[in-house]
Structures are given as structure tokens and as C-alpha cells.
Amino acid sequence: MSSRCRASFAFIAVAALVAGACNREERHSRAKPIGETVPAGESPDTIWPGGTVPQTLDPRAKLYDNNAPAISQGQQLFTQMNCVGCHSHGGGGMGPALMDDEWRYGGRIDQIATSIAEGRPNGMPSWRSKLTTDQIWQLAAYVRSLSGQPSKDAVSSRAEAMSNATPQTLAPREPAHTSDTAEQ
Amino acid sequence: MSAHVPERVRREDERLARERQKIARDGPKLKGAKLEARLERTWSRPRGIIGWLATVDHKEIGRRYIVTALLFLALGGVLALAMRVQLAQPDSALISPQRYNELFTMHGSTMMFLFAVPVMEGVAVFIIPLMLGTRSTAFPRLNAFSYFMYLFGGLLLWGAFLLNIGPDIGWFAYTPLSGPQFSPGKRADIWAQMITFTEVSALAAAVVLVCTILKTRAPGMTLARMPLFAWAMLVVAVMIIFSMPAVALASSMLISDRLIGTNFYNAYEHGDALLWQHLFWFFGHPEVYIIFLPATGFVSVITETFCRRPVFAYPIVVLALISTGILAFGLWVHHMFATGLPRVGYSFYTSASMTVAIPTALQIFCWLATMWDGRPRFQVPMLYVVGFIVTFVIGGLSGVIIASVPLDLQLHDTYFIVAHFHYVLIGGAVFPLLGILTYWYPKITGRMMNETLGKIGFWMIFLGFQLTFFPMHLAGLLGMPRRVYTYPAGVGLELPNLLSSIGAFVVAAAVVLFVINGLFSLYRGAVAPSNPWGASTLEWAAASPPRPYNFAHIPVVESRTPLWDAEGELPVVTGLRVDEKEILLTTVVAATPDLREPVPGASLWPLIAAIAVGVLFVSSIFSPWAVVFGAIPAAIATAAWFWPKELKRHPEPVIS
Amino acid sequence: MQRVEYLFTALGASAACAALSACNRSPPKQQLGSATVYQAAPVGDHAVAAPAASPADDGNWVMPGKDYAATRFSALNQVTPANVSKLALSFTFSTATTHGYEAPPLVVKGTMYLITPFPNYLYALDLTKPGAPTKWVFKPKPLAASQGVACCDTVNRGAAYDQGRIFFNTLDGQTIAVDANSGQQVWRTQLGDIQKGETITMAPLVAGGKVLVGNSGGEMGVRGWIAALDEGSGKLAWRAYNTGPDKDVLIGPRFKPFYKSDQGKDLGVKTWPPEAWKIGGGTVWGWPSFDPETHLIYYGVGNPGPWNPDQRPGDNKWTTGVFARDVSTGEAVWFYQTTPHDLFDHDDINEIILADIPWKGQRRPVLFRPARAGFFYVQDRRTGQVLSAAPYGYVNGYKGVDLKTGLIIPNHDKDTKVGRVVRDICPAAPGLKDWNPSAFSPVTGLVYIPHNNLCMDFGAMQANYISGTPYVGADVKMYAGPGGNRGAFTAWDPIRQRKVWEIPEDLPLWSPALVTAGGVVFYGTMDGWFKAIDARTGKQLWRFKAGSGIIGQPISYRGPDGRQYIAFVAGVGGWAGAVVSAKMDTRDPTGALGFANAVKDLPMKTTAGGMLYVFTLPR
Amino acid sequence: MTVGGRASVVPLALAASACSYQHYQSTFGNAATEARQFNILFVIFLVICAIMYLAVIAFLVASIARRRRAGEANTVEEGRHHESNPLMRTALISWGAVVGSGLVALAIASFIADRSMASAAANEKLSITVTGNQWWWDVQYNAGDNSKMVRTANEIHLPVGVPVRIYLKSNDVIHSFWVPSLAGKQDLIPGRDTDITVVPRKVGIYRGQCAEFCGAEHAKMALVVDVDSYRDFIKWWQHQLQPAPAPATPLAKAGYAFVTSRNCSVCHAIAGTPASGTVGPDLTHFASRRTIAAGAMPMSEGNLYGWVEDPQSIKPGSKMPTIGLEPNELHAVVAYLETLK
């Protein structure tokens, strides 16, 4: 997909020089290669018997981390797939709050993607068979923005809806936290 | 006045009087080559790059405006070619939808904001002081500031486009598509901030033009004797001052919606998506007249010179200009006939949109009457006027068609509208612009453009234009909406789109030919005397290219066509200082000499202020705090710019 | 205007607001916690409980409503306004759970039974021994995933005792019968399916040899029903749906609704867009009552799904109304729809008190219903005819009830619309009074109503249905209603339909009420104050600060030693308390379907808990 | 060239380039009262404007070709540039009068056409609600008895001769409902209700397209309007009310299992099956529609395979994801979708 849009720049010679520059706003619409799965799900916040195993972040994370179209698509999926019903706009309700800095299963993008795909014991449904990995990663990117992790330039200030939490563009930034609450 | 004048005051007056004697002034005692050498030293700018950046000479700033605008015209044209290649055949997947949306947004924004309005201001800033017989515009530093703001706006937009964060929401950016939810990232903010840049630049240039036209005319050039181009630019400047704030408000509200989550356009929280459209088109329609009216000025100038007689019925043309300027503010809702507003309201706007055609029709009559009553000589500028009349009237009439609600409901947002506004913008503004550039080229550069190349260029662009844009009427009627990156086969749109694509390349070739002619003539063109076309207005009394001080002595005007009526030498008025930059201010209506006005010298502060304001605007896309902290350097720069110099001398009442 | 008051209360400066008496527009600011008497308590002829449904009090507490007439009235009178201030703590017991505790403790012949929220433990405490040691614990082990489909905290509203067995429901949709002495399971029936979003939180009603159970999940696009299980075997006797064709709703020849708007064939299908009735809500999660004399059960039906009304044009029969059915066959006898095409999630599941009132010289069997939409209905329980309906608090969502047609008169400028927020709708989604039942004292003839005083902004949007996930389609923000107090305890005269006295409360009142023959009324507040009030004058007599907010049903029973005991369990939660029990983040005002905005200060005023407190007068 | 003449010329050109789903998307379609009023008014405007144009060109050519002996023109060379031909003064006044009256006539003609269109469709018999979503049309037929309401997508069937009022809503950005052969366009604006009234006159297939820029796939947000006879329309409506037929062949059964248990059911609704998502178009009678993906391609097995297998390559940026189906899943899904007549 991306090769064709670089070809489309061929008409504007100057632009071609800088085609790959800014990933923040590139609209990736990746298909799911057959057989690809969301990360297998071993949580980096655990005990490794016999010494720590170095944890590498899934390479796909950088396509979604600070990518504005992915976060915007995630925001729309968050409403359409009824996540708002349980998590509201980050405040929680049936489901846990997503805008605070307490995480039961880890706040990194790949951990959130695993929670969405596999589901969690106390009522989080498993979406692996209902959403493509692309969509799951977009949702994970949006959930990260609820707790203020991505850069302020990639998030949207409000949705075309009733005003709710303070705009993400003004909320203070938070690092990704580990699984740090009592409940599981 | 019998009151006893206190001793101290009397002694002070005598000292001033003695001092006044010592000032060197142009006049019988100082004239000819010695005067011109002194004036040259006083009025030329400092040497080197600092001088180049600090110049406040209206001719240099005018030249920069024109060159930058023509560069953006070329860039916008290349985008148009890319769009036409994509639309040459149906179901083409050559350019991705995302890229195509960026292309047509950049094409629209570049042509409207970075080419059309600035090129008109550029030509006006260069020619108006010469045409009015003065040595500089009012507020020359504001003029320099205006150019830099325009330049930075263009760099911001095109820089973002090349960095792949260019806008993809159309040059009109309707909310909620341009709102925070449906335009992720900073694409829409950059577009909105470019609007702020170009709008500040246009407002600054408008203030400069209004003050120059009203206060610095040559003595004797009453309002009734002012050239029609000056009238056109006066009306345009006033329109800019009244229309630009609307879009400034709209784009600032859009940025605040996108940056801090206000609800101006959020229908849920009782905002309204149509608020954007009303504010944008309240600016949008006057904007297109801001582009068209200077072109009517160009046509009047060319017709007068090449028909060897003044334009027929001067008062009618002036009244037509003014009424067009006023009526332009009353018909913006004809862009919104399909948004479900009450039908009776729409009929007011139908009649207003039809009424605005009458003044333009009268102007066209006057030009034709001038041609009928004079002896038209069909050199290149006059050819462009004929091309203008043939093309623009088609656009004007298709405008009358879409002014009617039932017709517009079918034709709105289709390629019929694309044809209409290209006819009135390219036909109505670009043709006269090419004509006037050829006409004033000798005045600006001192060389004549090549006549045969000019004629070939004219016929190529004229025929290429018809081939490109006439089929678009049919494409619109056959159901092709605007801003579509492709169209299905089998709906009958293949032929018109193919013709348009071919025509686009012909027009492109013609523009390239014009540029070659322009560059080639810079060095190989015939050297131009001060009045090569035998024209009647004052700019042809100055040298080609004009000296930094324009006129050795300020001319006096007794009629509408000063050069044609002055046997031999132009009457002049003397007494302006030679050791300091000084211009003569005259009263608004009767243009009787009023004051001597010291002209601010070259300074880097306008550039520094423009950079500070630019940094403020660009950084306020990313954080609201930038508005607070960015304002400090901007305030410092503008304060330094206006910091009062110790007045070594003070303006004195006119002696003679 | 509410926004300013809400801000003040949000800062917890209720004292400041009290001082700023100018900051409300309704009657002058009452002092929080003290009663305002509107007129003297009625004297002479007044309402009495339906005799068949309210037998003489034997000192036990065998079902949440105390009796089939749901009076929640205890005939014990040792505790009186004079000596209530001397009540002393007898013993306590921790239920080891921290979600909302809405159930009453049950007392049967010397044993107290406690049913906890998820994981629904059933404790039996031996009252005959000091400190009430645990006799046995029954652990039903419901599915953990059921917590993901419980809309408003994983609560349980109580168990019921009958003929030696304890009947209760589990969150994952099972009804279980346990032998009261041994704690061994007798039978267990699976009724709900959590994959469809169904849970069960209501207290079963054991009547006419049947165990009546309904499902919850109005917010999950569940199709509501009430089922009757045979008391002995647990087999399904009949199940009546609340949407769909007449045969599913068990509507037959005996069905004679009083008003024309409820008459017609297959209205459960005709008043919905095609297929919408299959995911149309109408759940039964509240309080059924039973009249042994007419052998009829009365129960309310929940809200239609989704909350976005534009997605379900039509009256949406048979949601938000009251059904009367024959208990043995389930045949519908009459139905009254309180809010056709409900706009504001006003489930109509509130308690139904059966009473007889003096009507033109003779006794008329009626039912009292302080409905969620804000009107106190008095209806003839044989036909469903509305005798009178008056608002018992501030209502601007509706203009009143037309007694001729029985239809509620909507206020059209509060109609919700997709794409635009409608502001200042009172009462809010939880209604003027939510599930927490009121108490009726045949001695004073008054109904004691613990209710809230909340208004809301409502923004409807298109809802997408995925089974097992919420199907709401609305954003809501709630805030304090006029007067700035978010709750009130009202003594209501059901015959003259007028307030007798009212105590404004800072936080919404989410605890049921208890009234005793001794003339004392008990209720608890969400920040943990257990209060005793004089039933006649509304004067506060005594209060006790519990460890957590009180939303459980207080009870009064006669202990083995013959003394009167008052007991309740303190454990904040439910929809109002989810801010604490679900550890929510109150920076998002639309949390917990809008309640977070109304109780931002609750986490500072109480923590979660689950503690039983039992009081008695010292020797 | 009269209206009729011109209208017949163009379809011949279309017929020449006919391919299977060739539709008629031009303002000459003349298939409804509104389109006919447009064509009549358009011709009136065209004729009057053409006359004005010829007048201007005649004046231009005359002044170019005019030959006069030396000394007669009022030019500066002949020293007469301050005089002007008196004839021109009267010509100016008459020109102003002609232009003014021409415009007034056109304005009046426009008002009359506007009023008559509004009155022609005053008493509508059928009401439809079209909701615009990013890049497809959600169509809902309203009915007095709510259980008779029909929900479909990207295709509208209309009975000929019956005035229909189409209520327009939007779930996201501004779109514009436009079927050139039937009537003028009307915007769909979030938070604001607009409507349009059409009285179809000619049975046939007419194609419409979104006319307000609405994002990445604005170009492929089309719809097809089928104007049927009243009898066919009622038959179509009854058929739409039936739930989806149960799958018969084993492949279709496998497709049913996939569609109702996997990705499709969270967005699409198929009446009579557990799938009831409202995010995507209703698929209950998908196979009976003429196009796929809001008019992006005509309905055919090949196109169906291409679309279900990789929608992102056909409509890049569309909300329909490329799921990455295994070949057997793909065959099963397409087989099941084809049973949804």
C-alpha cells in the first residue's frame, strides 16, 4: 500500500525526497497477513524463574504508538464496539478505569492489545475472533491515550459527543505502568 | 493676533527658522543631475544581505510579492496536473485517496490564499505609488512585515505538505470533518494557521494601500481624476479589511476546538457545524471579489492605453466598482443552498447574487464602448483583455445560472461549479494578470517582453483553457461531484475528463512559455523607454525601472490622463527635503498639498517581528501555552519596530 | 443553575452551600439532615395493609419485603422514640466481600441468614449463642465472567425463606434452594445466560408454591422475562417474556388491561421495529408482590433497550409497566404502562405495596407505587386503574398523568434526540427513587420514601448491538437537583397525595427503609450514617456511624431472648456507589452511566466494606 | 436543441459504453418532477444567457472590426480623447436596462420554479430516513406500524408517481444526498435534520453520489435508486420484511457459522440471525442489491470475492477491515452471502 502512495509522489519531485519523514500522521491500512496473531501474551510484569528474560516490545507497536489516524480510528472503535458501556470514557463502571495509572494486567501497548484479544478473567470479553489485529492494535493505541501516554500531538482533544473527561491534549503525560493493583 | 508672544517662544521660532533655511530641498536651487544623485543616496537601501532583508522600498517588496506568488502559482499548477492525470481515466488507482485529498486541498489553498490575493497586492504595492506620483507607500515597514507573514504562511503550508502532515480537508475545511475527531493529528491545524498568516498579511497590505491611495496622491489628483486601477485597489483593500476577520475568527475557533477541546462546532454540546460555513463564506465570497476587482482595474488600464482614449463613462465604472464591493458581502449563503436553511431566505440570496452581476455587466459595456470609440491596437496585453471578455462573460453567466436555488441544488458541488469558478478566476483574474504583467514588465524590469512569444502564449492559454474547463460543465451535468479521486466507468464521464486532462497540459505549456518569455526578456528583451506604450498615467513618467525615489519632483495633475494632456514637461511641485526621506501628504478628496511626512528608513524589525509572530502562530498549533509565552518576543519586536526615534527634525507646515 | 450548586457540593462544602441560601431557586434551603414538616400527620381513617398479604408479625424476617404486601413494617414495639437513643451494638459480622450490599439479613427461628454480593456466599449465624457464631457457609461458586455483564455493581438483593429452605439467585443466572438447617443444596436451576448479557440480582419471591425469578441486563440488550420454578423440585413451571408475541408473554383470554393504549394483539411485536423486541430489554430485577386473596402476583418491568429512543420507535410494549399475573399459570390478568416509549431509562421495577384504602365510604384494594419516573401511583389492584398519581419530588421530564387515558403527559422540550445533548432532565436516569424500597406503616398510614434528587444531561447516539456487551447508546451526566441536596427522606400521605415531612440529605439515598410499630423509622445514608427518625414528626432521634456506606435493607426481629433487635449490613456499592466499589476515576463525569458526576465526593466520604451490625436495647 | 432532444442524445452515448451495471447518473435523466422542473428552468436560463452572451460578443467583434478614417476616432492621437460618442451614452443606459430586466426575469422564473417544486411534493405518502455514515448510506423505511419498518443500505426503491419525503441525518460528518436524475441535492448535517421531497415519474435505475467532501472515500459513496411500479414496490417491501432464509448447502452453513460468530456480526445485522450490529450496512437482503460497497462495484460473484477478501485494496481507508480470510472461510462466506436474496 505505502509503495503506491510514494509512487503517487513521483509527480512532485521535491516531495519525494521527504516521503518517509513524518510517521505521526501516515494512514497505515495494513491487511492482516494470514496467521498473524496479537502478541502471545506473556506479561513482562511477572517473575521469571531463574533470572530475568530480556523483554522486547512487539515491532508493530511503533506503527500505532504515536500514530494519530490509528488513535482516531481506535477512538471510533472504542465507541462502536461498546467498550464505552463498561469503561465509559476512561472513568470505568462495569469495567476498571483506564484513565488512571493503575493497571491490573499492564499498561504497555502490547499488554493492552493482549487484554483485548484474549480477554481477562473478571469479565473482559475476548475479541480475538471479532476484531482484526489491526483493529485491536488501534484500540490499544487509543486506550493508551486515555491515560495520557502518547504525545499530545497525536491525540484528539474531543469527540463529536457530550463533553466528558478533560481533553487529552491538556492532560499531563504519564509513562506506561506495570501491573500494580491488588485485584487480578 | 495681538497677544504678546513670550520672549522665549519668539527666540525659539527664530532659531527654528534659521535651521530651516539650512535644509537642502529640491527646487529651482537644486535640480537636475545633482538633485538626482543626492536623492539616490538618500532613498537607496543599505548594501548587502542586511539591506536586502531590511528594505522598505515598495518596489522591491512588490517585486518579491509577484515572484513568490508566481512561484506558488507554478506549484499549485503542478498539483493540478497531478490531479488531472489521476482523473484522466475512470477507476484509476494511480494516486491513493489520501494523497489525492491532500493534492486538491493544497491546490485550492495555494491558488486562493498563496497566489491570487498576494499577486494582486504585489502588483498594487509596486505600481500604486508610481501611479499616484509619490515616492513611497504609507507605512512602508508594515508593507515589509506583510510580505514576510505571507512568505512564512506559504512555507508553513508547503513545508507541512512535504513532511507528510499537509492538510487533506479541502480549501474550505468544513467541520466536523476538519474537527478534532475526523481529522486526527495536526493536518487541519496547519491549514487553519496558514489562514491566520495570510489573513494578517492581507490585512496589513490592505491598510498600507488604503492609506497610500487616500493620503499620498500627487497634488491635483482629486478622487475624480484618480486612475481606475487605484479605485479598484481602494475598494479591494476596504473589502479585505471587512472580510478577513471573519475567517480569522473561524480558523481560531477551529484551532481552539482541536487544541483545547472547546465546543464551537460540536453539535452535541449545542455548537453548530453551519457556524463554520457562515463565517467562512462571509469571508469566502468577498475573497473571490478581492481577486476579481483588481483584474477589472488591470483591464481598465490596458483598454485605456491600447484604445488610445480614456475608459468610457469613468463615473459609471467607479460606481460599479464600489457597488460590487458592497454587494459582495450580501450573497455568501449561495454557497449553502443545500444545507436546509429556510427556502424564503434563500430567495433573498438568489436575487442578491443576480444583482451583483449588473455592475460587472456595466463595466464590460464601458470597456467595449472604449474599444468601439477608440482605435484598439491588438498587442499582447489587449489580446488578454479580449480573451478576458470572451471567457469571463461565460463564467459570469454560469454564475447567474447557479444563483437560482432550483438550478444550484442540482449543480452545487459538481464539476459545473468547478468550471464556473475557473472561468471567473482564471478567465476573470489570471488573463488580465498575464496582460498586466506584460504591460508593466518594462516598467518593472526596464526591458520589453517578446511580442511574438507573447501572442503564441496567449493563443495557447486561451484555447487550452477552453479545452480544459468547458467540458467540465458537461461533466457536472452528467453527475460528477467535486473532490472525487476517481469516478466509475460507464456513467458517461470518460470523454469530458479526458479532454480536461489534455487541456490542462496545454495550459501548463502556455504558462511555461510565459515564464520563459519573462526570464528571456530580462536579459535579451529590447531596452524599454520610460513610456513604451504611450500611456497616460503617471507611472510612465518615472524611469524604467524607476529610481529608488521614483520622481525627482512630485508631479501636479490636472486631468484624468496627465501624460496625454501635459504638453512637454509635467508641472511639478518642489520643496521636499533631499537629505531625509520625505513624501508629500495631500488631502483625501481634493488632493491639495497638506503635510510633509518623514518616511521610516529601512529596518530589520519588521522581519524580526514577522519571525516572532510566525513562531507564535506555529507553536500555538502544538500547545496553548505558546500563545502566552510566544506573545512576549512578538511584543518586544513590535515595540522596537515602533520605538520613537529622536526627531532630529520635525514636520513643518507647507510653505508655498 | 444546578451546575453552580453541583460545583459547591462537589467540593464537599455543603456547609458553604447551606450558608449561600440564594443559590437555589426552590423553597428556602432546608438544613441538611433535619426534617421540614409540611402538615400534621393524618388522623382518623387511613390506609391499612392488605390483610391477606400482611399476616400478624411473628418476629421473624423471612423475605426482603417482610411480607407479601411489601410493607417492610415490623409489629415489634419495644424500641420507641423515647428509648431508641439507648440502642447498643449487640454483635457484628464481616461478610468478607466489598461490593454493594443491598440485601436484608433474614432471621428464621433463631438463625440469621446473610446472602452477599458476588461471589454470593450464604452464611447462617446461630443467634441463640452469644456473638452469633457461624453455623455453616454455602458457596455457590458463580462464574467470574458474570461480573463483566453486571451493569450496576455485582449486587444481590436478598434471599427468601419458605418451608425450611432458603432460596436465592446467583449473579451468573442460577436459582438455588438450600436446606435452612444443614446448608446442603436441595436443587439448582440455570435460568440466565451470561453470553447474552443476562445476570440475576433480584431477591426471589416464594409464593403459591412457586419461586418467582426475573433476569437483569436492560443495558445489555437482553430480552426480559419472569420465570416461576416449582418450589419443591426447582423445575420451570412457566416463563413469561416482556416483549414479543402474545404467546411468549402468556397473554390469553383473561388479559383485560384497563386502558385502551394497552389493549391489542401482539403489541409486544407491533410496538417495536422488526427484530428490535428480541434485544429490547424489559427485564425484571425489582420487587414482585403477591396477593394470596386474588392469587395474583404484581411486578414491574424494566427499561426498553437501548437507551437511545430513536432506535426503537413505538410504545415498546410491555416495558416500563406493571403486570398482574396468576401465580400458578402465569397468565397475564392486567397491565399498566407507566412510560410508553421510555426516554430516560425509568425502569418501573420499584416495590408494589398492597393496601386497602377508604374510598367513597368503603374499602378499596389498591397498590401503592412510588414509581421511578417521580409519581406516587395509587392503582386498583384488581383492574390496574390509576386512582391518583402525584409527583413526590421535583419532576420536569413529565407534566403529569392523565387519569382518563392513564397516559403520562411528556414534556416535549425534554425529548432526547441523537446528535444533541438535552440538558436539565429531572428526575435523572436512576429516577426520583431507584430500586431501594420504601416502607408503609399501617399505624401512621404513611409511606416512608428514601429517594434521591438528581437531574441529568442526556446525549443519545446510535447503539451497536454485540451480544454480551453493553447496548446503551447514550452519554449521561448527573448532578444535584434543585435545592442542592442529592437525596431526601419523605413521609408521604398516600390518600391525600401530599408530603407530611421531608428530610433533605446531602448524598443520594440508596438504602431501603424500615418502619416499626414502635413509631420509629430507620434508614442509612451512603456515607455510613444509620439513622432512627420519629415516624410522626420526622425528628432525628439517634444515629450510628457504620464502617461503610449503607445501601442494605435494615430489619427488626425478635431474638431468641424475646428482645427486639435492629440489624443491617453496611457495604457501599450499587449503581450510586460504584464510584467506590468499582474504584472508578471520577475525572470522567460520564463514568458509571453518568452517576460518577453526581457523587464525585463519595470516595472521600466512605470506603468499600461488607459488615453486619445488630443493635438492641441494653437490659 | 429542445430538452427532449438533448436528453435522448446523451443516453445513446451511455448505451454505447454499456457495461453490466451501467447506471444513469445525469441531470438529463428527467425521471422525477424535480428533475423535469430543473431541465425546463435550465433551458430558460441557458437561452437567455446565450442571447446576452451573443450580444456581448457581437459588440466586441463590432468594435474590433470597426474601420474609420483618420481623425474620426476620439483618441489622443487625434486630440479628441476627451470627447465620447453620444450614441454610447444611450447604449449604456439601454444595456443596463436590458441586463437588469433579463436578471429580474430570470429571478422570477427561479422563484416560480422553486415554489412549484415545493408545492408539487407537499403531501408525501412515503417517508424514508437516510443516515449518512462515512462512506455508505443507511436507509430506513418508516411505517405507521413500526413492525413493518424496513432497513436496507446503499439502495432505495421508490414507487413511481408517489411523492416521497426523505429525512436526512448524519452520524459523523457532512454528506450530501444527490441523485441527479431525480432531484437536487440536500446535505446531511450532524445535529441538524434536513429533508428532501421527490416525486418519481419514470420507472428505471438511477445512480446518485455523495456530493459533499466527506473524507478518504468520498468518491466511492454512491447509491442506486430503483423506481418500480407500485405493485413491484409493494412486492419488494414484503420481501424485505422476511428474515434471512436459513442456509441450505453445507458450504452456506459453514458461511453462516463464520458470519454469525466471527468479525462480520459485530458490525453487520442479518435479520433472523444473532448478528445485529448497526455499525455497518444491513445484510439481510444483501444479494438482491445491485452494487457492493456503496456503489463501488456492481454486484457479481467475482466482485463479491474481491471485496470480501481484501476490501482495503478496493476502497482504501474504508472502515471495512481486511480480515485475512483462509481460502475455505472465503468460499463459505461468499456462498452464504449469496443466499441472502
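Nothing here was measured: the structure is a model prediction, and the numbers come from that model.

This paragraph deals with the overall build of chain D. Scanning chain D for helices and strands turns up 9 helices and 12 strands. In terms of overall dimensions, chain D is more spread out than a globule: its C-alpha atoms have a radius of gyration of 28 Å, far above the 20 Å expected for 341 residues. Dimensions of chain D, computed from C-alpha atoms along their principal axes, come out at roughly 100 × 45 × 40 Å. A total of 341 residues make up chain D; the buried ones form 58% of that total. A fraction of 63% describes how many contacts in chain D between residues 6 or more apart in sequence connect residues 24 or more apart. A total accessible area of about 12,800 Å² is found for chain D, and carbon and sulfur atoms account for 64% of it. The positive charge centre, built from 29 side chains, and the negative charge centre, built from 26, are 7 Å apart in chain D.

So, about the confidence of the model for chain D. Residue and element names in this part refer to chain D. Mean pLDDT for chain D: 89, with 93% of residues reaching 70 or above. Predicted confidence for residues 1-22 stays below pLDDT 50, and this span has 25 contacts to residues more than four positions away or in other chains. Reported confidences for the modelled complex are a pTM of 0.91 and an ipTM of 0.91.

Facing the 91 residues of chain D at the interface are 89 residues of chain B. The contact between chain D and chain B buries some 7,400 Å² in all, and 68% of this surface belongs to carbon and sulfur atoms. Where chain D packs against chain B, one counts 5 salt bridges. Linking Glu212 of chain D and Arg483 of chain B is a salt bridge whose minimum nitrogen-to-oxygen distance equals 3.9 Å. Looking at the side of chain D that touches chain B, the elements that each hand over two or more residues are helix H1 (3-16), helix H2 (33-65), helix H3 (86-120), strand S7 (186-188) and strand S9 (204-209) of chain D. Ranked by residues supplied to the side of chain D that touches chain B, first place goes to H3 of chain D with 17 residues. Along the lines of polarity and charge, the residues of the side of chain D that touches chain B split into 48 nonpolar, 25 polar and 18 charged.

We now examine the pattern of salt bridges. All names here are of chain B. One pass over the structure, following the stated rule, counts 74 salt bridges over all chains. A salt bridge links Arg45 to Glu60, with the shortest nitrogen-to-oxygen separation between them at 2.7 Å. In this pair, Arg45 sits in the loop between helix H2 (32-43) and helix H3 (48-54) while Glu60 sits in helix H4 (residues 58-86), placing the two residues 15 residues apart along the sequence. Given a relative accessible area of 25%, Arg45 falls into the partly exposed group.

We now examine the nonpolar core. Grouped together as the largest cluster of nonpolar side chains are 279 residues, with contacts concentrated most on Phe229 and Trp440 of chain B together with Phe177 and Leu182 of chain D. Sort the elements by how many residues they give to this core and helix H5 (residues 97-132) of chain B lands first, with 21 residues. Those residues in contact with Phe177 of chain D, other than ones at most four positions away along the chain, are Val130, Trp137, Ile156, Ile166, Leu168, Gly184, Lys185, Gln186, Leu188, Ile196 and Leu223 of chain D. Formed by 81 residues, the second largest nonpolar core is a distinct cluster that contains Tyr259, Phe368, Trp510 and Leu593 of chain C.

With that out of the way, let us pick up the interface of chain C and chain B. Chain C puts 9 residues into the contact, and the matching count from chain B is 5 residues. Carbon and sulfur atoms supply 39% of the area buried between chain C and chain B, which totals about 620 Å² over both sides. Considering only the surface of chain C that becomes buried against chain B, Arg420, Val421 and Arg423 of chain C emerge as the three largest contributors, covering 67% of it. Viewed at the interface, chain B and chain C are joined by 1 salt bridge.

Next up on the list: the sheet that holds strand S23 (residues 375-380) of chain C. All names here are of chain C. If you trace the 5 strands from one edge of the open sheet to the other, you get S2-S21-S22-S23-S24, paired in antiparallel fashion. Of all the strands in the sheet, the pair left with one neighbour each is strand S2 (48-49) and strand S24 (386-391). As paired strands, S2 and strand S21 (residues 353-359) are joined by 2 bridges and run antiparallel to one another. Residue Val48 lies in a different strand from S21, and its bridge partner there is Asp356.

What counts as what
- Residue numbers here run from 1 along each chain, matching the order of that chain's written sequence.
- Think of it this way: whatever chain is written first is A, whatever ligand is written first is 1, and the rest follow in order.
- Since the coordinates come from a predicted model, pLDDT governs what is reported: local features require at least 70, and pairs of side-chain atoms require 80 or more to be given and counted, while whole-chain, interface and lining totals use all residues.
- Only hydrogens and water are removed before side-chain values are computed, so all heavy atoms of the structure are retained for them.
- Helix numbering and strand numbering both begin at the N terminus, where a helix is a DSSP run of H or I of at least 4 residues and a strand a DSSP run of E of at least 2.
- C-alpha atoms define the radius of gyration in this analysis, and the globule rule sets the expected value at 2.2 Å times the number of residues to the power 0.38.
- Throughout this description, buried means an accessible area under 20% of the type-specific maximum (1.4 Å probe, protein chains only), exposed means over 50%, and partly exposed covers the range between.
- The contact definition used throughout considers only heavy atoms, calling two residues in contact when any of these lie within 4.5 Å.
- Only the protein chains shown count as cover for residues, and all accessible areas are computed by the Shrake-Rupley method using a 1.4 Å probe.
- In summary, the charge assignment counts Lys and Arg as positive and Asp and Glu as negative, without counting His or the chain termini.
- One atom stands in for each charge, and that atom is NZ of Lys, CZ of Arg, CG of Asp or CD of Glu.
- Confidence of the predictor in every single residue is expressed as pLDDT, which spans 0 to 100.
- When two components associate, each loses some accessible surface as probed by a 1.4 Å sphere; the sum of these losses over both components is called the buried area.
- The rule for a salt bridge is simple: a side-chain nitrogen of Lys or Arg has to be within 4 Å of a carboxyl oxygen of Asp or Glu.
- Basically, the charged four are Asp, Glu, Lys and Arg, the nonpolar ten are Ala, Val, Leu, Ile, Met, Phe, Trp, Tyr, Cys and Pro, and anything else, Gly included, counts as polar.
- Put simply, a nonpolar core is a bunch of buried Ala, Val, Leu, Ile, Met, Phe, Trp, Tyr and Cys residues held in one set by side-chain atoms that sit within 4.5 Å of each other.
- DSSP-based pairing: two strands are paired if at least 2 bridges between them are found.

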